[in-house]
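Report on the structure
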Amino acid sequence: MSSAPNGLHQYPIVQAPMAGGVSGPPLAAAVCEAGGLGHLAGGYKTADGMYQEIKQLRGLTRRPFGVNLFLPQTGYVDPAAVEAYRGQLAGEAAWYGVSLAEEDIIGTCDDGYEAKLAILLEDPVRVVSFTFGCPAPEVLARLRAAGTHTVVTVTSVEEARTAQEAGADAVCVQGVEAGGHQGTHRDDPETDGTAGVGLLSLVAQVREAVALPITAAGGLMRGAQIAALLAAGAEAAQLGTAFLVCPESGAHPLHKKALTDPLFGHTELTRAFSGRPARGLVNRFMREHGPYAPAAYPQVHHITAGLRAAAAAAGDPQGMALWAGQGHRLARALPAGALVEVLAAELAEAQSALKVLQMRRAS
């Protein structure tokens, strides 16, 4: 059985930090206690909200865990495009009986980044990962000095090289198969529909380009898939959708049910719910509004927040953001600890079978 790098966890299995209430302390603790690496999602929380979850998780496990932060968004957003999309959603607002967030209350685009960093530097956790960009070298150096292992999410060789040059300890290589937001460092709408590399190919490319340890992420649901990525050069695998259906997950019951519902047969990347490319189950909202959604994150996320909440309250999955990776139909509603054990057993079996095959070929 392969073990995880740096002695942080027993198995090379990482639970993805899924923002929006999915990856709370109960899920992260269960994964950690079973020998994986659990993650809290710092995104969309206040700094104090993140800190309270860290304290709660420390009360549930003494094992290492991670916290994920979103990098501040600095790209230009066209106000006219945001207003046009708000108009596009007027019918949805009327249907659900909610108001769309106004631009002047949308807030800043930094997600409380500096305040969250200050907390993690003052009261360190073992792992901090980053999404939507690469931190400044001095930030990574300060975290390392505090005893924190830093991981930068990358979706290309170029981004992996940037992370290595900045001083990251590792990269999380995210393939296009991944559910939820693509963690690209620069959101370029001109590449919509053409960007994105499959995980196995991307891991091989990054492995030859940088010397950093690799955690592979994107559509992984079975231990045999983890074995394949380890053979390709990864040190660990990160799974999100696989843990989304666990009872400890904070995902809405309708979201969990939809993953294996024949009504939702496939996934696509869309800007419809947040203004940034994210993979989810194709539903009515995505079909009707995806083609018109601007590149405007997190503005669109805030505008649609009330709509998504109202759809969930009304029991209508057709209006919800049903984030899911391409392997969603393989979801297993097991307790998180049991899922880690099953994945580890599948991984060991696949690795054993590979060794037998290699021995036969060598004889």
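Residues numbered from 1 in each chain as written. Predicted model: local features only at pLDDT ≥ 70, side-chain atom pairs only at ≥ 80, totals over all residues. Heavy atoms only, no water.

1. Some thoughts on the side chain of Thr 270
For the record, the criterion: Think of it this way: any DSSP run of H or I at least four residues long counts as a helix, any run of E at least two long counts as a strand, and we number them from the N terminus. Exposure categories follow from relative accessible area, calculated using a 1.4 Å probe and restricted to protein chains: below 20% of the type maximum is buried, above 50% is exposed, and the middle band is partly exposed. Residues count as neighbours in contact if any of their non-hydrogen atoms are within 4.5 Å of one another.
With respect to the helices, strands and loops of the structure, Thr 270 is situated in strand S10 (residues 267-270). The exposure class of Thr 270 is buried, given its relative accessible area of 7%. Setting aside residues up to four positions removed in sequence, Thr 270 forms contacts with Arg 276, Pro 277, Ala 278, Met 286, Gly 290 and Trp 323.

2. As for the packing of helix H5 (residues 113-122) against helix H6 (residues 137-145)
Inclusion rule: All axes are obtained by fitting lines to C-alpha atoms, using only the stretch in contact for helices, and the reported angles, taken between N-to-C directions, cover 0 to 180 degrees. If an angle is under 35 degrees, it is roughly parallel; if it is over 145, roughly antiparallel; if it lies from 65 to 115, roughly perpendicular; otherwise it is oblique. In this classification, the charged set is Asp, Glu, Lys and Arg, the nonpolar set is Ala, Val, Leu, Ile, Met, Phe, Trp, Tyr, Cys and Pro, and all remaining amino acids, among them Gly, are polar.
Following both chains from N to C, one finds H5 and H6 inclined at 25 degrees, their axes separated by 10 Å at the closest point. The orientation of H5 relative to H6 falls into the category roughly parallel. On H6, the residues touching Tyr 113, Leu 117, Leu 120 and Leu 121 of H5 are Val 139, Arg 142 and Leu 143. Looking at the contact of H5 with H6, its residues break down into six nonpolar, no polar and one charged.

3. Describing the sheet that holds S10
The condition is simple: Two strands qualify as a pair provided DSSP detects at least 2 bridges between them.
Sheet architecture is open: three strands sit in the order S7-S11-S10, paired in antiparallel fashion. Here the strands that pair on one side only, and so sit at the sheet edges, are strand S7 (180-181) and S10. Looking at chain direction, S7 and strand S11 (residues 278-281) are connected through two bridges and run antiparallel. Residue pairing across strands places His 181 opposite Ala 278, the latter belonging to S11.

4. Observations concerning the sheet that holds strand S4 (residues 127-131)
Read from one edge to the other, the open sheet built from eight strands follows the order S1-S9-S8-S6-S5-S4-S3-S2, with strand pairing classed as parallel. The open sheet has two edge strands with one neighbour each: strand S1 (13-15) and strand S2 (39-41). Across the sheet, the mean angle separating the axes of adjacent strands is 25 degrees when strand polarity is ignored. Bridge count between strand S5 (residues 149-154) and strand S6 (residues 170-174): four bridges; the pairing is parallel. For Thr 153, the partnering residue across the bridge sits in S6 and is Cys 172. Relative to the sheet, helix H8 (residues 199-209) contacts S6 and strand S8 (214-217), its axis offset from that of S6 by approximately 150 degrees.

5. Quick notes on the packing of helix H9 (residues 223-231) against helix H14 (residues 336-362)
To keep it simple, the criterion reads: Left-handed is the label given to a crossing in which the near helix is rotated counterclockwise from the far helix by less than a right angle, and right-handed is the label when the rotation is clockwise.
Between H9 and H14, the least distance of the axes is 7 Å, while the angle of their chain directions is 55 degrees. With respect to each other, H9 and H14 are oriented oblique. Judged by the twist between their axes, the crossing of H9 over H14 is right-handed. Contact residues: H9 offers Gly 223, Ala 224, Ile 226, Ala 227 and Leu 230, while H14 offers Leu 343, Glu 346, Leu 347, Ala 350 and Gln 351. A per-class count over the contact of H9 with H14 returns seven nonpolar, two polar and one charged.

6. Some remarks on H5
Just so we agree on the cut-off: Regarding the arc, it is the one traced by the directions from the helix axis to the C-beta atoms.
All buried positions along H5 are accounted for by Tyr 113, Lys 116, Leu 117, Ile 119 and Leu 120. The buried residues of H5 occupy one face: seen down the axis, they fall within an arc of 160 degrees. When the buried face of H5 is taken as reference, the exposed residues oriented beyond 90 degrees from it are Glu 114 and Glu 122. On the buried face of H5, the contacting elements are helix H2 (47-58), strand S3 (66-70), S4 and H6.

7. Thoughts on the pattern of salt bridges
In plain terms, the rule: Only one rule defines a salt bridge in this text: a Lys or Arg side-chain nitrogen within 4 Å of an Asp or Glu carboxyl oxygen.
Tallied over the entire structure, the rule returns 11 salt bridges. With a closest N to O distance of 3.2 Å, Arg 144 and Asp 169 form a salt bridge. In this pair, Arg 144 sits in helix H6 while Asp 169 sits in the loop between helix H7 (157-166) and S6, placing the two residues 25 residues apart along the sequence. Looking at Arg 144, the relative accessible area reads 36%, which means it is partly exposed.

8. So, the packing of aromatic side chains
Rules: Aromatic rings from Phe, Tyr and Trp, with only the six-membered ring used for Trp, were paired whenever their centres fell within 6.5 Å, and each pair was classed as stacked if the ring planes differed by under 30 degrees, edge-to-face if by over 60, and tilted otherwise.
A full pass over the atoms with the stated rule returns five aromatic pairs. When the ring of Tyr 44 is compared with that of Phe 70, the centres are 5.3 Å apart and the planes differ by 80 degrees; the resulting orientation is edge-to-face. Taken as a pair, Tyr 44 in the loop between S2 and H2 and Phe 70 in strand S3 lie far apart in primary sequence, 26 residues in all. With a relative accessible area of 30%, Tyr 44 lands in the partly exposed category.

9. Observations concerning the environment of Phe 264
Positionally, Phe 264 belongs in the loop between helix H11 (253-258) and S10. Taking the C-alpha atoms as reference points, Phe 264 and His 328, separated by 64 residues in sequence, lie 10.0 Å from one another. Ignoring any residue separated from it by four or fewer positions in sequence, one finds Phe 264 in contact with Ala 258, Leu 281, Val 282, Asn 283, Pro 317, Gln 318, Leu 322, His 328 and Arg 329.

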